Amino acid sequence: MKRIAVQGIVGSFHEDAAVKYFEEEIEVVECKSFTSVCEMVDSDQVDYAVMAIENSIAGSLLKNYQLIRDYHLRIIGEIYLHIQMNLMVSPGVKAKDITNIYSHPVAFQQCMEYIEQYFPDAKLHEGMDTAAAAKLISDERPPNAAAIGNLRSAELYNLEILETGIETNKKNYTRFLVLSKHGNPTEKANKASLCFEVGHFYGSLASALNVFAENEINLAKIQSVPVIGKPNEYTIHVDIEWGKPHNYDKAIHQVLKSVSSLAILGEYERGELHMHDQ
Ligand SMILES: O=C(O)C(=O)C[C@]1(C(=O)O)C=C[C@@H](O)C=C1
């Protein structure tokens, strides 16, 4: 059975993403941090990792871009998950009693409008993941606390749901990357994640990006990530998509002339973003 490292525990969105991506029975290996997730892959203790990289409300997880490069991990796939957040309490706790809320920092960011409107004075406690927050409430049964997380964690840890769908926008999606130590070449690849650096002169980034346009390569995402220890310097991460593999090969060949330190982090099959109309 494949072993998959995720940050968090059973009932987290990461576990959900891993189960949905692999579509077979897997062993989910719970890790305390994204760094230990990467260490598990690097030391061959797991086959793959699943790691959030961006959310449609909270934005990019910059630290995870950095980790992928530091550990030289390969991106072999991606999956988008529709994220619905719920306010959960141990049985009997009422909304008026809540003075403390437990969740994951990214989950808090997704629910900030709701929290500011209904619990502006609540103390927010950031934990490892939403399921760990649900478990903590379940184990300790504080009379004045709630957790924010998914419906499965409420069920797993016997919590009552006070409110569902508390995310700021219903079209709330998190994109997760599937990572491994070695590449997994696939004929089906129609997307790649690259990173590179460009000089500090006019047109340097534009000329690199033009190479993609000229070869009919769609730029799905661009993200600059600070180079730690070099203020004002950035690594540019791009996700690109193509129809004809030949165009991709040509673009990679040509872009080498416009950039430095080009790294192909992975070539993989594009994940579908199934929009939920609500
Ligand atoms: O806390 C969890 O359940 C997670 O899996 C973490 C995480 C994240 O890192 O973004 C995953 C998806 C949601 O965007 C909220 C939190």
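Note that the coordinates shown come from a computational prediction; the quantities given were computed from them, not determined experimentally.

About the thresholds
Residues numbered from 1 in each chain as written. Predicted model: local features only at pLDDT ≥ 70, side-chain atom pairs only at ≥ 80, totals over all residues. Helix = DSSP H or I, 4+ residues; strand = E, 2+ residues; numbered from the N terminus. Rg over C-alpha atoms; globule rule 2.2 N^0.38 Å. Buried ≥ 20, exposed ≤ 12 C-beta atoms within 10 Å, placed from the backbone. Contact = placed C-beta atoms within 7 Å. Domains from an automatic or database assignment. Axes fitted to C-alpha atoms, helices over the stretch in contact; angles between N-to-C directions. Parallel < 35°, antiparallel > 145°, perpendicular 65-115°, else oblique. Left-handed = near helix turned anticlockwise from the far one by under 90°. Nonpolar A, V, L, I, M, F, W, Y, C, P; charged D, E, K, R; others polar. UniProt positions renumbered as here; feature names shortened; annotations may be inferred. Near = placed C-beta within 6 Å. Pairing = 2+ DSSP bridges. Core = buried A, V, L, I, M, F, W, Y, C linked by C-beta atoms within 7 Å.

A. Structural detail: the overall build of the protein. A count of helical and extended segments in the protein gives nine helices and 15 strands. Against the 2.2 N^0.38 benchmark of 19 Å for 278 residues, the protein shows a C-alpha radius of gyration of 20 Å, consistent with a compact globule. Its C-alpha atoms give the protein principal-axis dimensions of roughly 65 × 45 × 40 Å. In the protein, which comprises 278 residues, the proportion classed as buried is 38%. Partitioning the intrachain contacts of the protein with sequence separation of at least 6 by distance along the chain shows that 75% fall at a separation of at least 24.

B. Spatial organisation of the domain arrangement of the protein. For the protein, the assigned domains read domain 1 (2–82 + 173–180), domain 2 (86–164) and domain 3 (191–268). The distance between the C-alpha centroids of domain 1 and domain 3 comes to 23 Å. Between domain 1 and domain 3, the contact holds eleven residues from the first and eight residues from the second. Elements supplying a minimum of two residues to the side of domain 1 that touches domain 3: α3 (62–70) and β5 (74–82).

C. Layout of the packing of helix α2 (residues 34–42) against α3. Axis separation between α2 and α3 bottoms out at 10 Å; the angle between their running directions is 20°. Here α2 lies roughly parallel to α3, going by the angle between them. Pair α2 / α3 crosses with right-handed handedness. Contact with α2, carried on its side by Phe-34, Thr-35 and Cys-38, involves Lys-63, Asn-64 and Leu-67 of α3 and no other residues of that element. In the contact of α2 with α3, the residues fall into three nonpolar, two polar and one charged.

D. Main features of the UniProt feature "domain: Prephenate dehydratase" (unreviewed entry) in the protein. Residues annotated by UniProt as "domain: Prephenate dehydratase" (unreviewed entry) correspond here to residues 3–181. Secondary structure across residues 3–181 comprises 32% helix and 34% strand; the distance between its end C-alpha atoms is 13 Å.

E. How the structure looks around unusual backbone geometry. Within the chain, Glu-23 stands out as a residue other than glycine whose phi angle is a positive 50°. Positionally, Glu-23 belongs in the loop between α1 (13–22) and β2 (26–31). Notably, Asp-44 is not glycine yet its phi reads approximately 60°, a positive angle. By the secondary structure assignment, Asp-44 is in the loop between α2 and β3 (48–55).

F. Here's a closer look at the site of the ligand. As a structural note, the neighbourhood of the ligand is formed by 14 residues, with Ser-12, Phe-13, His-104, Val-106 and Asp-129 the closest of them. For the shell around the ligand, a count of residues per class yields six nonpolar, seven polar and one charged. Per-domain counts for the shell around the ligand show at least three residues from each of domain 1 (2–82 + 173–180) and domain 2 (86–164).

G. Representation of the pairing of strand β11 (residues 173–180) in the model. Counting buried residues in β11 gives six out of eight residues, a clear majority hidden from the surface. Pairing geometry for β3 and β11, over six bridges, is antiparallel. Bridging across to β11, Ala-52 finds its partner in Phe-176. Strand direction decides the pairing type here: β5 and β11, joined by eight bridges, are antiparallel. Looking across to β11, one finds that Leu-81 is bridged to Thr-174.

H. How the structure looks around the nonpolar core. Counting residues in each nonpolar core, the largest one holds 71 residues, and the members touching the most others are Ala-49, Val-50, Met-51 and Leu-179. With six residues, the top contributor of residues to this core is β3. Contact partners of Ala-49, with chain neighbours within four places excluded, come to Ile-4, Ala-5, Val-6, Val-37, Cys-38, Met-40, Val-41 and Leu-179.

I. Expanded view of the sheet that holds strand β15 (residues 260–268). The four strands lie next to each other as β13-β14-β12-β15, forming an open sheet whose pairing is antiparallel. For this open sheet the edge positions go to β13 (218–226) and β15, each flanked by a neighbour on one side alone. The mean angle between the axes of side-by-side strands here comes to 15°, regardless of whether they run parallel or antiparallel.

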